[in-house]
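# Coordinate analysis (summary)
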Amino acid sequence: MKKIDIRIPAKEYPVFIGANIFDSLEKIIRIKKLSRNLFMIIDRKVMNLYRDDIKRFSSNFSGKIFINEFDASEANKSYLELAKIYNDLIAIGYGRDSLIVAIGGGITGDIAGFAASTFARGIQFVQVPTTLLAAVDSSVGGKTGINFGETKNIIGAFHQPEFVLIDTEFLKTLPEEEIICGIGEIVKYAFLSDKKFFELLKNNFHKLLELDSTFTTRAIETCIKFKGDVVAKDEKESGLRKILNLGHTFAHAIEVEQNYLIKHGQAVVVGLACALELSRRTGLLSEKLFTQYLQLPFMFKDKITLNAFDPLQIYEIMKRDKKGRENRIKFVLLKEIGRLIVDVEAEKDEVIYCLNKSLALFIK
């Protein structure tokens, strides 16, 4: 079992990575002297697949425990579902001395984390991500939240976990669609980190698709270390952390416009293609590098399918993005791998052009 320390000034915490380490959950809770009053929020699909493992943990756990089975979907990442969690916490007698454990993907982690950040003015929280996307990104960094209306993640809080436990055995039952979602987020880090990681991913794309154990673990570690370093320097996204939103301003709006028929990680791939195009159109990215960098998102061409889209509607949705200011859309764009420019504004016509050209790559 490998350990990566996330060194946020206000709160340091470890990320554990390994195969068949779920049974270490109780031991880590005990060693860290966390609350023994566990409220577990578990993706129902994960519960059905790993019921025996979870039941073994709960039956051997010496403390109060309740399992809330959650139907994870963007539609259920809502205030209504959050209220049900609050109701269970209160009805069963949980208080400030409680620990919420999220077992599932990013949606489960987001709503569970937000519940932990707000219930009794904040209680302990542990992340056990079971998807590749959650493992490489959303489980680390403390962002929690829910959707409201047609706006993603507009209500939320920063609430760091006590620790994160990534058991790569959970990944073995993921459908290809979910694997693609995780790879999409990994590709984002290829543009953020360095040319070596970019080339490594481009040349070993098939290993990620096949969830090659050694290579997948290596990719997860690389992403977590990079994100951990960024979050340690800028927890509340006032400066440097904004680079982690590369492609996401486009992606969130595309998800909404497509009625969530594509998943977040898939939308990130499309959003990265848009961000590369806009970087080129604004003169930040050379034609040569644009052609070179687009090779990586283009590898998903046969793996991601969009429905007909309305670029004007996507643009209007982007104006609601929480990172914008004064109704102006703020983009993260690329000069070259590892060199990002944040808070870039662009003319509406340029954005529409980029949407039309980039999304067309994924229309069948």
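On a predicted model such as this, the values are computed, not experimentally measured, just so you know. (Residues numbered from 1 in each chain as written. Predicted model: local features only at pLDDT ≥ 70, side-chain atom pairs only at ≥ 80, totals over all residues. Heavy atoms only, no water.)

## Comments concerning the nonpolar core
Formed by 83 residues in total, the largest nonpolar core has its most connected members in Leu132, Phe191, Phe250 and Met318. The dominant element in this core, judged by the number of residues it contributes, is helix α12 (residues 264–281), at ten residues. If we skip the residues at most four places from it in the chain, Phe191 touches Phe198, Leu246, Leu272, Leu276, Tyr293, Pro297, Leu334, Ile337, Gly338 and Leu340. Counting 25 residues, the second largest nonpolar core, distinct from the first, contains Ile28, Tyr50, Phe57 and Val128. (Core = buried A, V, L, I, M, F, W, Y, C linked by side-chain atoms within 4.5 Å. Buried < 20%, exposed > 50% of the residue type's maximum accessible area, 1.4 Å probe, protein only. Helix = DSSP H or I, 4+ residues; strand = E, 2+ residues; numbered from the N terminus. Contact = heavy atoms within 4.5 Å.)

## Comments concerning the pattern of salt bridges
The tally for this structure, following the rule as stated, stands at 35 salt bridges. Measuring nitrogen to oxygen at the nearest pair gives 2.7 Å for the salt bridge that ties Arg36 to Glu26. Remark: Glu26 occurs in helix α1 (residues 25–31) and Arg36 occurs in the loop between α1 and β3 (37–43); sequence separation between them is ten residues. A salt bridge links Glu336 to Lys195, with the nearest nitrogen and oxygen atoms 3.9 Å apart. Taken together, the residues Glu336 in strand β10 (residues 331–336) and Lys195 in helix α8 (residues 195–203) connect sequence positions 141 residues apart. In the salt-bridge network here, residues are joined through shared partners; they are Lys3, Asp5, Arg7 and Glu12. (Salt bridge = Lys/Arg side-chain N within 4 Å of Asp/Glu carboxyl O.)

## Considerations on helix α4 (residues 79–91)
Between the first and last C-alpha of α4 there are 18 Å, a value that for 13 residues agrees with the 18 Å anticipated at 1.5 Å per step. Listed as buried for α4 are Glu81, Leu82, Ile85, Tyr86 and Leu89. On an axial view of α4, the arc spanned by its buried residues comes to 145 degrees, and they lie on one face. Relative to its buried face, α4 has exposed residues pointing more than 90 degrees away, namely Leu80, Asn87, Ile90 and Ala91. The secondary structure elements touched by the buried residues of α4 are β3, β4 (64–70), β5 (99–104), α5 (106–118) and β7 (143–148). At the exit of α4 stands Gly93, carrying a positive phi of roughly 90 degrees. (Expected span 1.5 Å × (residues − 1). Arc of directions from axis to C-beta.)

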